[in-house]
Each structure stands twice: as structure tokens, then as C-alpha cells.
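Fold and contact review
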Amino acid sequence: MAKNIYVGNLPWSATEEDVRAAFETFGEVISVKLINDRETGRPRGFGFVEMEDQGALAAIESLDGSDFGGRNIKVNEARPRPERPRW
């Protein structure tokens with residue numbers, strides 16, 4: 001089973017490859033998705049990493065609050081997005 005991990009407070013210079021490399025030391029990374037602003041296309045400073053369970057737990061424990069590109073990143077298990085009404 002795979003876990004989806006939220007990664008926040010990323011530097012805008014971070015790439016998906018940088019994030020993948022940081023998380024791969026804890027286990028197999030299935031996917032990395034950094035979120036960009038819809039209008040400007042610039043990074044928003046957060047993203048999601050999908051990993052297998054054991055590696056995900058170790059990565060959350062070790063990387064939360066750690067330095068990544070000069071910023072202390074926030075790492076936790078992603079929560080499902082709440083339903084929003086479609087107008």
C-alpha cells in the first residue's frame with residue numbers, strides 16, 4: 001500500500017528530482033508532484049510524494065522540520081481534499 005505525503009515550505013528553486021532524491025534514501029518513491037500556480041506557472045512551494053508505507057513513515061519522521069535548500073520543510077501524511085461545490 002502506498003502513502004501520499006505532503007511536503008510544504010519548499011524553496012521555489014526545488015525540482016521534482018531534488019525532492020525525489022531526498023525521499024529515496026528512505027524507500028521507493030512512486031511519484032513526486034510539485035504544485036505550480038495556474039495563472040503564473042511559478043512554483044507554489046509545496047507538493048506531494050507517493051511512497052510505499054514503511055519508507056513513507058521513516059521519511060515523515062526524519063524529514064519533518066529538516067533543512068532543504070535553506071528552508072525548514074514541513075512533511076506529513078497528506079489529508080484528502082475536502083469536497084467543494086461545483087458552481
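Remember, it's a predicted structure, so these values are computed and weren't measured experimentally.

Strand-to-strand pairing in sheets goes through backbone hydrogen bonds, with the strands running parallel or antiparallel. In spatial order, the strands read β2-β3-β1-β6; together these 4 strands make up an open sheet with antiparallel pairing. With partners counted over all chains shown, the strands left at the sheet margins are β2 (29-36) and β6 (74-77), one partner each. Averaged over all pairs of adjacent strands, the angle between strand axes in this sheet comes to 20 degrees, irrespective of strand direction. Relative to strand β3 (residues 43-52), β2 runs antiparallel, the two sharing 6 bridges. Along β3, the bridge assignment pairs Val32 with Val49. Against the sheet, helix α1 (residues 16-24) touches β1 (2-8), β2, β3 and β6, its axis set at about 140 degrees to β2. In the packing of helix α2 (residues 53-63) onto the sheet, contacts are made with β1, β3 and β6, and the angle to β3 comes to roughly 140 degrees.

Cut-off values and rules
Residues numbered from 1 in each chain as written. Predicted model: local features only at pLDDT ≥ 70, side-chain atom pairs only at ≥ 80, totals over all residues. Heavy atoms only, no water. Pairing = 2+ DSSP bridges. Helix = DSSP H or I, 4+ residues; strand = E, 2+ residues; numbered from the N terminus. Axes fitted to C-alpha atoms, helices over the stretch in contact; angles between N-to-C directions. Contact = heavy atoms within 4.5 Å.

Nothing here speaks to function; it is all geometry.
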